[in-house]
Amino acid sequence: MAKPSSKPGQNETPRRRTQTAKTATPARRRLPRIPEGRDRAFFILFIVTMTAAAGNTALQSVLPAIGRTFGYADTVIATAFSLSALFWTLTSPVWARLSDRHGRKRMILVGLMGFVVSMAGFGLSVSAGQAGLLGGLTVLVLMVLSRAVYGLLGSAVPTAAQAYVADRTSRQERTEALAHQASAQGLGTVIGPAIAPLFVVPFLGLAGPIYAFALFGAVIWWLTRQGLPSGDVPRTAHAPGEAPGKGLWKDSRILPFILFAFLVTSTQAINISVLGFHVIDELGRSPMEAQSFIGIAMLAGAAATLLAQWGLIRLFHMEPRELMQWGAGLALLGNVISAFALDYYAVVLGYAVVSLGLGFARPGFMAGSSLALGPREQGAIAGLMVALMGLCFLAPPIIGVALYELSGPSPFVLNAAMAAACVAMALLWRPLARAGETVDPEQTPTAPTP
């Protein structure tokens with residue numbers, strides 16, 4: 001008599017094996033198919049964020065030249081560009097609530113459409129002014145209105161994108177995932193200024209780069225609509241009248257991150273706004289002749305940001321507290337260099353060091369604030385942080401450019417003071433100094449639907 005095999009299933013009949021397979025199938029189907037759908041979604045979000053960042057930095061790279069071509073004062077250009085930041089700040093929490101209610105994908109599509117309409121309108125305004133069809137004041141009003149469209153609608157993209165990533169990552173994954181998502185903006189700031197001069201062609205002039213990115217945005221909108229998985233993670237239903245995250249800005253868990261983020265991002269906003277004028281004045285050339293040099297300076301800053309987010313953060317597996325400490329310290333160093341810059345190369349070096357610091361700091365406060373909250377508040381914190389970014393580009397750029405008109409080193413001295421305060425906060429304020437340490441099992445997101 002043959003000895004029965006000890007291997008399970010060896011002596012089963014084909015019918016028995018078939019039944020076993022059938023009964024096992026439902027168990028496998030219950031497992032969430034996260035990796036494939038999630039990886040595709042994160043890749044699409046990366047492209048979306050990169051496109052918006054590239055378009056905005058391309059516009060920022062040509063804006064000083066546009067302003068001086070039309071004879072606008074530097075502070076007028078800074079004020080016009082900051083108006084969109086006001087709408088961005090006001091609407092970001094609204095988009096956060098709408099993304100909780102109607103889904104992240106819909107809000108991302110709304111924001112992308114706002115980007116396309118804004119860029120196209122801005123380009124048409126510049127073209128009409130260059131052709132002499134409209135007066136300088138009318139052109140300025142139309143440019144301001146075009147940017148207002150982006151402020152109203154564009155904030156839906158980063159708000160919904162950050163919440164989308166937070167919904168689909170565990171606590172252990174979130175710092176790296178948000179750093180990767182933030183690196184899309186860094187890559188965009190490389191691409192935008194780098195290719196913007198290629199589109200400054202005779203028949204379009206300075207409006208060429210703006211039209212190009214409006215077209216790119218339209219293509220990305222269609223690809224997102226077709227390819228971004230729309231399944232949302234299950235979220236606990238809100239009671240009537242309940243608003244998770246209401247008053248979050250004064251929550252003791254979040255307040256330190258808000259103050260740190262505002263100060264350190266304001267240093268970046270001032271540097272970006274002053275950079276073009278600083279380069280033009282250091283070179284002593286016309287705005288058109290200095291355009292390529294402005295692009296190189298912005299390219300250096302973007303490359304430094306990518307070095308942090310694609311290389312150093314992953315290499316050293318840095319926690320949010322370390323990211324904020326290093327980020328604030330490098331922002332301080334870069335602004336000191338810029339304050340004493342005596343030539344173009346020192347201007348580029350200072351801007352690059354500041355950008356390297358922000359490449360650390362932004363993922364630090366984004367991940368730290370996200371990890372401090374539970375899954376029901378991820379939409380709210382995403383909206384709050386995006387609104388804060390808009391607030392940083394509202395008053396600080398105007399103040400920075402006004403100080404620059406009075407005295408070249410002044411805006412960088414102000415930045416250095418704010419960065420020094422951030423260093424002290426990151427080292428001494430307990431919620432920041434221990435960001436990412438506390439493990440809260442309630443912060444682990446529920447399994448996403450495929």
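Please read these numbers as outputs of a predicted model, since none were measured by experiment. (Residues numbered from 1 in each chain as written. Predicted model: local features only at pLDDT ≥ 70, side-chain atom pairs only at ≥ 80, totals over all residues. Heavy atoms only, no water.)

Things to note about the pattern of salt bridges
Under the criterion given, the structure shown has five salt bridges. In this structure, the salt-bridge partner of arginine 104 is aspartate 100, at a minimum N-O distance of 2.8 Å. (Salt bridge = Lys/Arg side-chain N within 4 Å of Asp/Glu carboxyl O.)

Observations concerning the confidence of the model for the chain
For the chain, the average pLDDT comes to 81, and 85% of its residues sit at 70 or higher. When pLDDT is averaged over each element of the chain, helix H15 (residues 410-428) comes out on top at 96 and helix H1 (residues 14-29) at the bottom at 41. Predicted confidence for residues 234-243 stays below pLDDT 50, and this span has 13 contacts to residues more than four positions away or in other chains. Counted against residues more than four places away or in other chains, residues 438-450, with its pLDDT under 50, gives 30 contacts. (pLDDT = per-residue confidence, 0-100. Helix = DSSP H or I, 4+ residues; strand = E, 2+ residues; numbered from the N terminus. Contact = heavy atoms within 4.5 Å.)

Considering the environment of glycine 111
Tracing the backbone shows glycine 111 in helix H4 (residues 104-130). Its relative accessible area of 0% is what places glycine 111 among the buried residues. Along the primary structure glycine 111 and proline 158 are separated by 47 residues, whereas in three dimensions their C-alpha atoms are 8.6 Å apart. Residue contacts for glycine 111: discarding those within four places in its chain leaves Leu153, Gly154, Ala156 and Val157. (Buried < 20%, exposed > 50% of the residue type's maximum accessible area, 1.4 Å probe, protein only.)

A word on the packing of helix H6 (residues 156-167) against helix H13 (residues 378-392)
One way to put it is that H6 packs onto H13 with a least axis distance of 8 Å and a crossing angle of 145°. Like other packed secondary-structure pairs, H6 and H13 cross with a definite hand, here right-handed. Contacts between H6 and H13 involve Pro158, Thr159, Gln162, Ala163, Ala166 and Asp167 on the former and, on the latter, Gln378, Gly379, Ala382, Gly383, Met385 and Val386. In terms of residue class, the contact of H6 with H13 is built from six nonpolar, five polar and one charged. (Axes fitted to C-alpha atoms, helices over the stretch in contact; angles between N-to-C directions. Left-handed = near helix turned anticlockwise from the far one by under 90°. Nonpolar A, V, L, I, M, F, W, Y, C, P; charged D, E, K, R; others polar.)

Here we look at empty space enclosed by the protein
On inspection of all chains with the given rule, the structure shows four cavities of 30 Å³ or more. As a volume, the largest cavity reaches approximately 1,000 Å³. Top contributing element to the lining of the largest cavity by residue count: helix H12 (residues 344-371), with eight residues. Here the residues of the lining of the largest cavity are counted per class, giving 26 nonpolar, 21 polar and two charged. Looking at the second largest cavity, its volume works out to about 190 Å³. For the lining of the second largest cavity, the secondary-structure elements that each account for two or more residues are helix H2 (34-70), helix H3 (74-102), helix H9 (255-283) and helix H14 (395-406). Split by residue class, the lining of the second largest cavity holds 10 nonpolar, four polar and no charged. (1 Å grid on protein atoms, 1.4 Å probe; cavity = no way out; pocket = protein on both sides within 12 Å on 5 of 7 lines; lining within 4 Å. Points joined across faces, edges and corners; volume = space filled by probe spheres on them.)

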